[in-house]
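# Structure assessment
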Amino acid sequence: MFTLSKLLWLGIILFIVWNLFRIIEKRHALNEKNKDKSEKSKMKTDSQSEPLPAIYCPTCATFVAGNKCEREDCGISNQSNG
Ligand SMILES: [Zn+2]
């Protein structure tokens, strides 16, 4: 027996399911967008934090970025000249 109330309920259920799918899809799209964004920013920070070769300067007792110490009297860059 196909009654009008059954048809009405079917319509309501379809409406709810349809809306649920739309919400899920929207959230999924938003997540993808955020993911993409965060991944991009992560990549950016990764490339930014890509460390220069750090060397230890015993004279200054510290690590220096790059391949020589700022202080010229350390002589790290021309150590091999000895
Ligand atoms: Zn130094």
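Heads up: the structure comes first, above all this text.
In this text the structure is predicted, and so the values were computed from the model without any measurement.

The rules behind these values
- Residues numbered from 1 in each chain as written.
- Predicted model: local features only at pLDDT ≥ 70, side-chain atom pairs only at ≥ 80, totals over all residues.
- Heavy atoms only, no water.
- Helix = DSSP H or I, 4+ residues; strand = E, 2+ residues; numbered from the N terminus.
- Buried < 20%, exposed > 50% of the residue type's maximum accessible area, 1.4 Å probe, protein only.
- Contact = heavy atoms within 4.5 Å.
- Areas by Shrake-Rupley, 256 points an atom, 1.4 Å probe, with all protein chains shown as cover.
- Patch = residues over 30% accessible without salt bridge, like charges linked within 9 Å, V, L, I, M, F, W, Y side chains within 5 Å.
- Salt bridge = Lys/Arg side-chain N within 4 Å of Asp/Glu carboxyl O.

## Some points on the overall build of the protein
Across its full length, the protein carries one helix and two strands. Beginning at the N terminus, the succession of helices and strands in the protein can be written as α-β-β. Counting across all 82 residues of the protein, residues that qualify as buried make up 7%. Pairs at least 24 residues apart make up 0% of the contacts formed inside the protein by residues separated by at least 6 positions. Carbon and sulfur atoms make up 61% of the accessible area of the protein, which totals about 8000 Å².

## Focus: the environment of P53
Tracing the backbone shows P53 in the loop between helix 1 (4–49) and strand 1 (55–57). Taking the C-alpha atoms as reference points, P53 and V64, separated by eleven residues in sequence, lie 8.5 Å from one another.

## Thoughts on the environment of T59
With respect to the helices and strands, the residue T59 is situated in the loop between strand 1 and strand 2 (62–64). Classification of T59 as partly exposed rests on a relative accessible area of 47%. Taking the C-alpha atoms as reference points, T59 and C74, 15 residues apart in sequence, are found 6.0 Å from one another. In this view, T59 contacts R71 and C74; residues no more than four positions away in its chain are not counted.

## A look at a nonpolar patch on the surface
Side chains of L8, W9, I12, I13, F15, I16, V17, L20, F21 and I24 sit close together on the surface and give an oily, nonpolar patch of about 1000 Å² of accessible area. Along the chain, L8 turns up in helix 1.

## A few points about unusual backbone geometry
Look at A61: it is not a glycine, yet its phi comes out positive at around 55°. Relative accessible area serves as the criterion here: at 52%, A61 is assigned to the exposed category.

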